[in-house]
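Geometric and topological summary
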Amino acid sequence: MSGRNEVDDFAALLRRHRQAAGLSQEELAEKAGLSADAVAALERGRRRAPRPLTVRMLATALNLGDTHLAEFIESLRRSPSVYPPQVQGPPLPADRLIGRTTELTETAALLHHDGVRLVTLTGSGGVGKTRLAVAVAAAVRRHFEGGVCWVSLEASPDGPEVTDAVAAAIGLRPASDAAELDVLAAHIGGRQMMLVLDNCEHAVETCASLCTVLLQRCPRLTIVATSRELLRVPGEVVRQVQPLQVPPSQAALDEIREADAVRMFLARAAAHGVHPRDDRLVHVSRVCRSVQGIPLAIELAAARVNVLTIEQIANELDTSSRILSSGSRTAPQRQQTIDAALDWSYDLLSRDEQAFFEDVSTFSGGWTLAAAVAVCHPHSGATAQEKVLDLTGRLIDKSLILVERDAAEARYSMFSVIRQYAVRRLDDSGRRAVVEQRHLDHFVALAEDAERGLGGAAQPDVLARLDVELDNLRVALGRAIGRAHADDSMRLASALWRYFYLRGHYTEGRDWLESALAIGNDHPDVVSRAALAGAQRGAGYLAFLQCEYEAATHRLERALTLYQEAGDDSGAALTLRHLGGIAREQARYDQAYDLHSQSLQLYERQVDAAGVAWARHHLGFVSWLRMDLGRAREHAGAALTYFQRAGDGEGITWSQISLGVVALYTGDLATAEQLLHQSLGRAQRLGYREGVGWSLHLLGVVARRQGRLERAIHLLDESLAEHQQLGDKWRAASVLEGLAAVAHQHDNAAYAAFLLGAAAAVRETIGAPVPLCERGDTEETLSAVAAALGDRAFSQAWGAGQATPLHAVADGYPPDTLSTLDTPW
């Protein structure tokens, strides 16, 4: 027998070691606890596949050292007379894989990399980890000559049962043969194979230990694990399985059809005999966005097509995930409903983890570490941040919390179906009201702090912070108002008035403030005068921006009285400024100038440089509206100097607008265009919509005076859309009059008359005349158009304009009764 055969042939090697030990077959059998027939069968090669435990018992009886033991085991593996054990392969999928092309390609490539031996597919329950693992196994199995072994751990309790399940799947019978992990490792040995451990999360520590030992002792073994929680063992490469791609809210039909989430819904709906028409795909898209592309949720939603329309399913999912039940009867119990899937994860949490999981569900739109400390552990002292950081990390590892690392500060969130589940758990705990009050307290403090940061160099950062937290702020406002917390609702709403103004959310901000004031009227004893005054002022200013001057005056005068009674000169000065704005738009210029002058005096008395600059700006504003251009230039220049020094972007924008207007009306169109371009760019960068609308309007006027009519049309159309969306009817009327002037110069007198009629209707509604600085252009256009059309045609076009709602005019509505308006430009 050659040296190679002596090494490779187990039967020959057993005989050699027995003879070297001076033992007969009967004596070896007795020492090993086997029958003599069994030993004889092994030496003759009649028994080709002895169990690993039998091999180890023989090796112990022969007193083999480590070197001879390794050679002994290796000979069994390499012996051509030994059939390779049969392993349990991956399950056959019941349906085709939808999407996942990138994940499948990347994971398969990882498994072909020499340095990667453990890949963990992780993600939340129902995201499709197992289905992806099945596809990966099918894609790579030809590269593993020892096969791909699939081990489902779902039904295996933690502990020895996990090792037994692996042993059974890999061909060890009975499972008790694998009671020792080293026997399992010896059985795998040097075979090139892949082991898939599916559903490790409930036995993560045991799986981690098992993987560590097997990877150390089996040099050609590769492991793929699916788990909601990371294994955290050396060499682990993690791949987060994401939900399927969903279409954006305004997607075109082709984009909706191509989205993976939609494709899955349509395939599952088709299995129920439902094939949605193209006009229903928008509702399919809504369903997929509501469940954020989670495959299990999509399947459960699609299962409801047998009793509900797709629109009904979408409407239900807008408010609750309760309809996501009654899945496949043959699916594992934890995948038959969303709640069952999440119960599986929740039950694996410690009590601290469960409480934290419930508490963070009170956030909407995500949260920061500091916010979690304030809401979840406000009384833990110096250890609070460390504790919250630890709990956050644990829930991220368990795929219950998502983390975004794109910004300077990490932000955390949950999938909506997980958050809804956590909210229900929080409700069941009886702690919901307490936790939500802490959430409210935190965001009241945040909003009040942010309000103090608006108006200076930090304003862009403050606005960005409020943008990110807008969902939380809205939820906090809703809770405060819904529970009639008068002081909290008033403090929060009044702290946010300027944010709503700067971002152009006039209606929303005003609605919150009016709701808070209504509660305050019912609970006057619990509302601070400062909060009441702030809410009155904020509601009044937003009403003014929407040109509801009577309501605005009522609120602002009430606020002024409260501030004066409290001796709050700062609040009084700001309120006087707002009242001056109302007088300015109603063309009561002397009164407006007087109110702004009073505001200036109060600011000067307080040595408030920012307030002084804003008062000077508004004095300049009144001045150029009534064509006092010298005084306007003086005030605007002084204000600009301060705003530039303070880094106040809003103030710089307005000063450039004012100086641009002065240049416009003094005939310096080049300077006007330059300044207004600067104001437009700054307003766009700041997200300051009022500044954008004003700059576009005035640039359109400049372009018209330059004879660049197409450019004027484009600029004025954009400005009209902006002001109409903001609800600023005063400016919208002026833009309509500017468009009428362009239409006249474009030789479309009928359309010009229509626009002038629409503008006149707006002005009549709000009670604001044409500003003095614009009156000459408007009267000139009106006179020329009337002359060009004649009385009858002019009356017809004018009347059509008056009868058309502003939003329809802004949308480019062409009246059917005026054939010349079909192509107005």
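Each chain has its residues counted from 1, following the order in which its sequence is written. In keeping with the predicted nature of the model, local features appear solely for residues at pLDDT of at least 70, side-chain atom pairs appear and are counted solely at 80 or more, and the whole-chain, interface and lining totals rest on all residues. Only hydrogens and water are removed before side-chain values are computed, so all heavy atoms of the structure are retained for them.

Segments assigned H or I by DSSP are reported as helices when at least four residues long, segments assigned E as strands when at least two residues long, and all are numbered from the N terminus. Within the chain, the secondary structure is distributed over 42 helices and seven strands. Computed over its C-alpha atoms, the radius of gyration of the chain comes to 38 Å, more than 25% above the 28 Å expected for a compact globule of 825 residues. Summarising its shape, the C-alpha atoms of the chain cover approximately 125 × 65 × 50 Å along the three principal directions. Relative accessibility decides the category of a residue: with a 1.4 Å probe and only protein chains considered, values under 20% of the type maximum give buried, values over 50% give exposed, and everything between is partly exposed. The proportion of buried residues among the 825 residues of the chain is 55%. Note on contacts: a residue pair qualifies if any of its non-hydrogen atoms lie within 4.5 Å across the two residues. Counting only contacts in the chain whose residues sit at least 6 apart along the sequence, the fraction spanning at least 24 positions is 69%. The Shrake-Rupley method, run with a 1.4 Å probe sphere, supplies the accessible areas, and residue values consider only the shown protein chains as cover. Element-wise, carbon and sulfur atoms account for 49% of the exposed surface of the chain, whose accessible area totals about 34,800 Å². Across the chain, the 84 positively charged side chains and the 103 negatively charged ones have centroids separated by 5 Å. This radius of gyration counts C-alpha atoms alone. The globule rule is 2.2 Å times how many residues there are, raised to the power 0.38. In summary, the charge assignment counts Lys and Arg as positive and Asp and Glu as negative, without counting His or the chain termini. The location of each charge is read from NZ of Lys, CZ of Arg, CG of Asp or CD of Glu.

Tracing the backbone shows Glu-436 in helix H22 (residues 432–453). Pairs of N or O atoms are called polar contacts if they sit within 3.5 Å, as long as, within protein, a hydrogen donor faces a hydrogen acceptor (for residues adjacent in sequence, only side-chain-to-side-chain pairs). Of the polar contacts made by the side chain of Glu-436, one reaches the side chain of Arg-432; its length is 2.8 Å. Polar contacts involving the side chain of Glu-436 include one to the side chain of Arg-479, which spans 3.5 Å. Among all residues touching Glu-436, those that are not within four sequence positions of it are Thr-362, Arg-479 and Arg-483.

Attention shifts here to the sheet that holds strand S1 (residues 118–122). Pairing between strands is defined by DSSP: at least two bridges between them are needed. The strand order across the open sheet formed by five strands is S2-S3-S4-S1-S5, and the pairing between neighbours is parallel. Here the strands that pair on one side only, and so sit at the sheet edges, are strand S2 (148–152) and strand S5 (236–240). Pairwise comparison of adjacent strand axes, ignoring direction, gives a mean angle of 20° for this sheet. Note: strand S3 (residues 193–198) against strand S4 (residues 221–227), six bridges, orientation parallel. Helix axes are fitted only over the stretch in contact, all axes being lines through C-alpha atoms; the angle between N-to-C directions runs from 0 to 180 degrees.

Quick look at the nonpolar core now. In terms of nonpolar packing, the biggest core is built from 202 residues, with Phe-265, Leu-324, Phe-357 and Tyr-501 touching the most fellow members. No other element matches the 11 residues that helix H39 (residues 749–766) contributes to this core. Beyond its immediate sequence surroundings of up to four residues, Leu-324 is in contact with Val-291, Ala-297, Leu-300, Ala-301, Leu-317, Thr-337, Ile-338 and Val-417. Membership of the second largest hydrophobic core comes to 32 residues, among which are Cys-149, Leu-153, Leu-215 and Leu-231. Only buried residues count toward a nonpolar core. Its members are Ala, Val, Leu, Ile, Met, Phe, Trp, Tyr and Cys residues joined through side-chain atoms within 4.5 Å.

This brings us to the packing of helix H18 (residues 351–359) against helix H21 (residues 416–429). Where H18 contacts H21, the axes come no closer than 8 Å and their chain directions differ by 110°. Relative to H21, H18 is oriented roughly perpendicular. Between H18 and H21 lies a crossing of left-handed hand. For the pair H18 and H21, contact is made by Phe-357, Glu-358 and Asp-359 and by Ile-418, Tyr-421, Ala-422, Arg-425, Leu-426 and Ser-429, respectively. Think of it as three bins: nonpolar holds Ala, Val, Leu, Ile, Met, Phe, Trp, Tyr, Cys and Pro, charged holds Asp, Glu, Lys and Arg, and polar takes everything else, Gly as well. Considering only residue class, the contact of H18 with H21 consists of five nonpolar, one polar and three charged. Each angle receives one of four descriptions, namely roughly parallel if under 35 degrees, roughly antiparallel if over 145, roughly perpendicular if within 65 to 115, and oblique otherwise. Should the near helix be turned anticlockwise from the far one by less than a right angle, the crossing is left-handed, and should it be turned clockwise, the crossing is right-handed.

Right, let's get into the packing of aromatic side chains. In this analysis, rings of Phe, Tyr and Trp, with Trp reduced to its six-membered ring, are considered paired at centre separations within 6.5 Å, and the interplanar angle assigns stacked below 30 degrees, edge-to-face beyond 60, and tilted for intermediate values. Using the criterion set out here, one finds 22 aromatic pairs in the structure. The interplanar angle of 45° and the centroid separation of 6.3 Å between the aromatic rings of Phe-357 and Tyr-421 together place this pair among those described as tilted. Taken together, the positions of Phe-357 in helix H18 and Tyr-421 in helix H21 put the pair 64 residues apart, joining distant regions of the chain. Given a relative accessible area of 1%, Phe-357 falls into the buried group. Through a chain of ring-to-ring contacts, the aromatic side chains of Trp-497, Tyr-501, Tyr-541, Phe-544 and Tyr-688 assemble into a single cluster. Above the face of the Phe-621 ring, Arg-584 is positioned so that its terminal group lies 4.0 Å from the ring centre. Throughout this description, the term charge over a ring refers to an Arg CZ or Lys NZ atom that lies within 6 Å of the ring centre and within 35 degrees of the ring normal. Between Arg-731 and the ring centre of Trp-730, over which it is positioned, the NZ or CZ distance is 4.3 Å.

This part takes up the confidence of the model for the chain. As a per-residue measure, pLDDT tells how confident the predictor is, with possible values from 0 to 100. The share of residues in the chain with pLDDT of 70 or more is 92%, and the mean pLDDT across the chain is 88. Of the regions scoring below 50 in pLDDT, residues 174–179 engages in nine contacts with residues more than four places distant in sequence or in other chains. pLDDT under 50 marks residues 817–823. Its contacts with residues more than four places away, or in other chains, come to 14 contacts.

This part takes up the packing of helix H29 (residues 549–566) against helix H30 (residues 569–585). Relative orientation of the contacting elements H29 and H30 amounts to 155°, with a least axis distance of 9 Å. Between H29 and H30, the interaxial angle falls into the category roughly antiparallel. In this structure, the crossing between H29 and H30 has a hand that is left-handed. Residues Tyr-549, Ala-552, Thr-553, Leu-556, Glu-557, Ala-559, Leu-560, Tyr-563 and Gln-564 of H29 lie in contact with H30, whose contacting residues are Gly-571, Ala-572, Thr-575, Leu-576, His-578, Leu-579, Ile-582 and Glu-585.

Phi at Gln-292 takes a positive value of approximately 55°, unusual for a residue other than glycine. Considering the arrangement of structural elements, one finds Gln-292 in the loop between helix H14 (281–290) and helix H15 (295–302). Using a relative accessible area of 30% as the deciding quantity, one classes Gln-292 as partly exposed. Even without a glycine there, the phi angle at Met-627 is positive, about 65°. On the secondary structure map, Met-627 appears in the loop between helix H32 (609–625) and helix H33 (629–646). A relative accessible area of 36% places Met-627 in the partly exposed class.

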